[in-house]
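The chain contents come next:
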Amino acid sequence: MEHPRTLPRLLQMPRFVRFGIAIDTAAEWRWLALLAVALWPTWWWMGQRMVDGSDDPLGVLAVAALGTLVWQHRLRLRAAPRLGFQVAALAGAVLTTALHAQLPDLLVALVGLLSLALGLLAFLPSQVATAPVLGLSVLSLPLLASLQFYAGFPLRVVTAEASRWLLSAAHTVERSGSSLIVDGQLVIVDAPCSGVQMVWLGYFTACVVALVVGRANRSFLLRLPIVSALVLVGNVLRNTVLVSFQASGAPLPGWGHEVVGLVVLALVCAGITWAMAANRPRPLNNTR
């Protein structure tokens, strides 16, 4: 047995030892609550973005999905967190605080939400895949307006070109930028036809289904190209149907656009669900 005099001086201080024991045995909800409180500037900024109308509040669904995941596993949270995830989460929270006013709010919020996801993963059972949890944390961001600004036009061009190819079977079609000239009639592929919202909902569906069926990281990541392909095909199909009605001289009313969009979205999400749930792994016995 090692003589007390050879122990580090701190370990000979009862108060320090009791403090270390308290930290090591602190309940998991206390760590998660402290992490959430440390990220309050991120929550404040996200709340403002949701209520000022500058972005679609779809991120609430991703936050709710993460909350539901923790609630489902509340009785199997790890008593001792995985050290790597815990250290990364705490470092991310400190970095989020340090980067405020140094980087754009969206990037700072991205660091903060990834830190929260790492904090959750530190306590979630090891059977929970890391990639879908990180994916949901990214989807929690108010990023649809930014995606529309940076990626909206390229997506509209790709959609218009694919629709031109399909419509050429029955019409004389030319593409100019993101617009189509169908039998001499100009049809504009506008911002809502970029499919940005369908992209968000497609990847949200993929992350949620992967967590529900217990898909592993590698299997989840290998299926993401299928998700992208289904979203692209769905958006092209929706745009082609709408343009064909417009070119035929019988454009659909506003509610008709909504119905076509919802039907195609439902088909895309159903396809993504099938792709993520097919050949689901056998459930494992979870341990605390």
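The structure this text deals with has already been given above.
Here goes a summary of the coordinates provided. (Residues numbered from 1 in each chain as written. Predicted model: local features only at pLDDT ≥ 70, side-chain atom pairs only at ≥ 80, totals over all residues. Heavy atoms only, no water.)

Under the defined criterion, the tally for this structure stands at two salt bridges. The partner of arginine 164 in a salt bridge is glutamate 161, and the shortest N-O contact between them spans 2.9 Å. Of the two residues, arginine 164 and glutamate 161 both sit in helix α8 (residues 144-167), three residues apart, roughly one turn of that helix. Linking arginine 175 and glutamate 161 is a salt bridge whose minimum nitrogen-to-oxygen distance equals 2.7 Å. Of this pair, arginine 175 sits in strand β1 (residues 173-176) while glutamate 161 sits in helix α8; the two residues are 14 residues apart in sequence, bridging distant segments of the chain. Judged by its relative accessible area of 35%, arginine 175 is partly exposed. Of the residues examined, glutamate 161 reaches a relative accessible area of 30% and is grouped as partly exposed. (Salt bridge = Lys/Arg side-chain N within 4 Å of Asp/Glu carboxyl O. Helix = DSSP H or I, 4+ residues; strand = E, 2+ residues; numbered from the N terminus. Buried < 20%, exposed > 50% of the residue type's maximum accessible area, 1.4 Å probe, protein only.)

One turn of an α-helix holds 3.6 residues; hence residues three or four places apart share an orientation. Compared with an ideal rise of 1.5 Å per residue, which puts 24 residues at 34 Å, α8 spans 29 Å between its outermost C-alpha atoms and falls more than 12% short. In α8, a bend of some 60 degrees at alanine 151 exceeds every other bend along the element, and proline 154, a proline, comes one to four places later. Along α8, the residues classified as buried are Leu144, Gly152, Arg156, Thr159, Ala160, Ser163 and Leu167. Elements that come into contact with the buried residues of α8 comprise β1, β2 (179-182), α9 (196-213) and α10 (217-247). (Expected span 1.5 Å × (residues − 1). Bend = angle between axes of the 7 residues up to and from the residue. Contact = heavy atoms within 4.5 Å.)

The next point concerns the pairing of β1. One ladder, built from four bridges, connects β1 with β2; its direction is antiparallel. Pairing of valine 173 across the sheet is with valine 182, part of β2. Where β1 hands over to β2, the hairpin turn is made up of two residues, of which glycine 177 adopts a positive phi near 65 degrees. (Pairing = 2+ DSSP bridges.)

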